[in-house]
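Take a look at the letters that make up each chain.
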Amino acid sequence: MMNDVVRRGERLDNPAQTVRIRQQSRGENKVKIPTLDEMRAIRNAFSTTPPLPPTFEEVWCAITSLTGLRPSENRGAAIEDLVLDGPLPGIHVLRRADQWNKIGPLKSESGRRFVPLGPQSVALLKRWLLVVPQKAGFQDPGHPGRMLHLLFPTSIGTTQSLANIYHRMWMPLNVYRTRFFGHKFELSGLLH
């Protein structure tokens, strides 16, 4: 701001030019990203064998880890966003669920994208679609009158809350990881 005042000729110099703000560490831990061995072990712990239906945890972990979708994008994803057949299977990322479980647009237009899916993900999602609860659905915020169905709904077909994901996914994962690897996952940004 002071540089702008100098540029406009209202002051000859910027008295704050040499001021430096020191940032102190607040003792925060850095995020510990799971190793490949840890991810394999976690996926194996949640995995079911066909013809058994996959669990919510299995599908959520696999899709999140293999696609890089944010939890808010997973929570806002619709079955209708999936392309599981054809030469390029994938998922269209078009919306998100906010912290109040309201489905709406992504934070920025650049967040809209198509994420390719590999054969394992496609097979898992096809098994998931046989058991996922498809209730009444919700109005597509981008196309009024069009109904969509959540890819990861609650058992009654509503949007998963962050608290539900935390208790249903995060806590069991941390118990598992602590037991087998001696440390917990860091929560920083992984739920939002």
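Whatever comes next refers back to the structure up there.
Below: a short report on this structure. The numbering scheme is per chain: residues are counted from 1 as the chain's sequence reads. Only residues with pLDDT of 70 or above have their local features reported here, since the model is predicted, and side-chain atom pairs are shown and tallied only from 80 upward, although totals for entire chains, interfaces and linings are computed over all residues. With hydrogens and water stripped out, all remaining heavy atoms of the structure feed into the side-chain values.

1. Some thoughts on the packing of helix H3 (residues 56–67) against helix H5 (residues 119–129)
In plain terms, the rule: Comment: axis = line fitted to C-alpha atoms, over the contacting stretch for helices; angle = value between 0 and 180 degrees taken between N-to-C directions. Here a helix means four or more residues in a row that DSSP labels H or I, a strand means two or more in a row labelled E, and each is numbered from the N terminus. It is the rotation of the near helix from the far one that decides the hand of a crossing: anticlockwise by less than a right angle makes it left-handed, clockwise makes it right-handed. Only heavy atoms matter for contacts: two residues are in contact if any of them lie within 4.5 Å across the pair. Only Asp, Glu, Lys and Arg are considered charged, only Ala, Val, Leu, Ile, Met, Phe, Trp, Tyr, Cys and Pro nonpolar, and every remaining residue, Gly among them, polar.
One way to put it is that H3 packs onto H5 with a least axis distance of 11 Å and a crossing angle of 150°. Handedness of the H3/H5 crossing: left-handed. Contacts between H3 and H5 involve Phe 56, Glu 58, Val 59, Ala 62, Ile 63 and Leu 66 from the former and Ser 121, Leu 124, Leu 125, Arg 127 and Trp 128 from the latter. Considering only residue class, the contact of H3 with H5 consists of eight nonpolar, one polar and two charged.

2. Regarding the pairing of strand E2 (residues 90–93)
Moving residue by residue along a regular strand, the side chains alternate between the two faces of the sheet. Note the cut-off: By definition, two strands form a pair when at least two bridges between them are found by DSSP.
For strand E1 (residues 82–83) and E2, the ladder comprises two bridges, and the chain directions are antiparallel. Residue pairing in the sheet places Val 83 in a bridge with Gly 90 of E2. The loop that links E1 with its antiparallel partner E2 comprises six residues; one of these, Gly 86, has a positive phi angle of about 105°. Relative to strand E5 (residues 113–116), E2 runs antiparallel, the two being bridged by four bridges.

3. A closer look at the sheet that holds E1
The strand order E1-E2-E5 describes an open sheet built from three strands, whose pairing is antiparallel. Looking along the sheet, the strands with just one partner apiece sit at the ends: E1 and E5.

4. Points about the packing of aromatic side chains
So the rule is basically this: Pairing of aromatic side chains requires ring centres within 6.5 Å, counting the rings of Phe and Tyr and the six-membered ring of Trp. Pairs whose planes differ by under 30 degrees are stacked, by over 60 edge-to-face, and all others tilted. Burial classes: relative accessible area under 20% of the type maximum marks a residue as buried, over 50% as exposed, and values in between as partly exposed (1.4 Å probe, protein chains only).
This structure, assessed with the given rule, holds five aromatic pairs. A ring pair is formed by Phe 56 and Phe 152, whose centres lie 5.9 Å apart and whose planes are at 90°; its orientation type is edge-to-face. Of this pair, Phe 56 sits in helix H3 while Phe 152 sits in the loop between strand E7 (147–148) and helix H6 (162–181), placing them 96 residues apart in sequence. Classification of Phe 152 by relative accessible area gives buried; the value is 0%.

5. Topic: H3
Note the following rule: What a helix should span is 1.5 Å times the count of its residues minus one.
With 12 residues, H3 should cover 16 Å at 1.5 Å per step; its first-to-last C-alpha distance of 16 Å lies within 8% of that length. Burial analysis of H3 places nine of its 12 residues in the buried class, the great majority of the element.

6. As for the nonpolar core
Keep this limit in mind: By nonpolar core we mean a set of buried residues, namely Ala, Val, Leu, Ile, Met, Phe, Trp, Tyr and Cys, connected to one another through side-chain atoms within 4.5 Å.
Residues Phe 56, Val 59, Ile 91, Leu 125, Trp 128, Leu 151 and Phe 152 are the most contacted members of the largest nonpolar core, which totals 28 residues. Those elements that place two or more of their residues in this core are helix H2 (36–46), H3, E2, H5 and H6. Of the residues forming this core, the biggest block, six residues, is contributed by H3. Filtering out sequence-adjacent residues up to four positions away, Phe 152 remains in contact with Phe 56, Val 59, Trp 60, Ile 63, Asn 74, Trp 128 and Gln 160. Ranked by size, the runner-up nonpolar core spans six residues in total, among them Ala 97, Ile 103, Phe 138 and Leu 150.

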